[in-house]
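Report on the structure
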Amino acid sequence: MTTDKDCIFCKIVAGEIPSAKVYEDGEMVVFKDIHPLTKIHLLAVPKEHFAALSEMDEKREALVGRMLGKIGALAPSFGLSEGYRVVANQGISAGQTVPHLHFHLLGGETLGWEK
Ligand code: AMP
Ligand code: ZN
């Protein structure tokens, strides 16, 4: 599995830096965002390192499909049973700051819709 020794999310996956993990399995972890934008703000991260949706291949398509399926199944256990938003920032203009694919799970409150 690809990892990057300089990547902050790879370090979280490896347990080298602390995080508030709420779920982990063989291929993904879910942990609390350190700067929450909503009452509940989680990050779902594949254990494999790749930068973003711009680096998909067939294996990663299947991985991301499973990740989204698990997010859908697990959301109530994360306190998101009333609804939530899934966001992936892709690249500079979208404000992506960590180049390791991640899905933001935003909820715990009524969400507005701004660009
Ligand atoms: P993005 O801007 O889409 O790349 O999102 C990166 C997210 O990672 C931001 O919401 C940060 O607050 C979050 N973040 C950065 N470092 C950590 C960390 N050590 N633990 C938890 N969340 C982090
Ligand atoms: Zn990484």
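Calculation rules
Residues numbered from 1 in each chain as written. Chains lettered and ligands numbered in written order. Predicted model: local features only at pLDDT ≥ 70, side-chain atom pairs only at ≥ 80, totals over all residues. Heavy atoms only, no water. Donors = N, O, S within 2.8 Å, 3.2 Å for Na, K, Ca; no water. Tetrahedral: all angles 85-135°; square planar, octahedral: opposite > 155°, others 65-115°. Buried < 20%, exposed > 50% of the residue type's maximum accessible area, 1.4 Å probe, protein only. Helix = DSSP H or I, 4+ residues; strand = E, 2+ residues; numbered from the N terminus. Expected span 1.5 Å × (residues − 1). Arc of directions from axis to C-beta. Contact = heavy atoms within 4.5 Å. Patch = residues over 30% accessible without salt bridge, like charges linked within 9 Å, V, L, I, M, F, W, Y side chains within 5 Å. Areas by Shrake-Rupley, 256 points an atom, 1.4 Å probe, with all protein chains shown as cover. Salt bridge = Lys/Arg side-chain N within 4 Å of Asp/Glu carboxyl O.

1. Remarks on the coordination of the zinc ion (ligand 2)
Those protein atoms acting as donors to the zinc ion (ligand 2) are C7 (SG), C10 (SG), H49 (ND1) and H100 (ND1), and they sit at 2.0 to 2.3 Å. If you look at the zinc ion (ligand 2), its four donor atoms make angles of 106 to 116° with each other, and the shape they trace is tetrahedral. A relative accessible area of 7% means that C10 is categorised as buried.

2. A closer look at helix α2 (residues 58-74)
Counted at 1.5 Å a residue, the expected span for α2 with its 17 residues is 24 Å, and the 24 Å between its end C-alpha atoms agrees. Among all positions of α2, only R60, L63, V64, M67, I71 and L74 are buried. One side of α2 holds all its buried residues, which, seen down the axis, span an arc of 100°. Seen from the open side of α2, the exposed residues pointing more than 90 degrees away from its buried face are E58, E61 and A73. Tucked into the core, α2 has its buried residues touching β1 (21-24), β2 (28-32), β3 (40-46), β4 (84-87) and β5 (103-107).

3. Notes on a nonpolar patch on the surface
Together, L68, Y84 and V86 line one region of the surface with nonpolar side chains, adding up to about 230 Å² of accessible area. Here L68 is to be found in helix α2. For L68, a relative accessible area of 40% corresponds to the partly exposed category.

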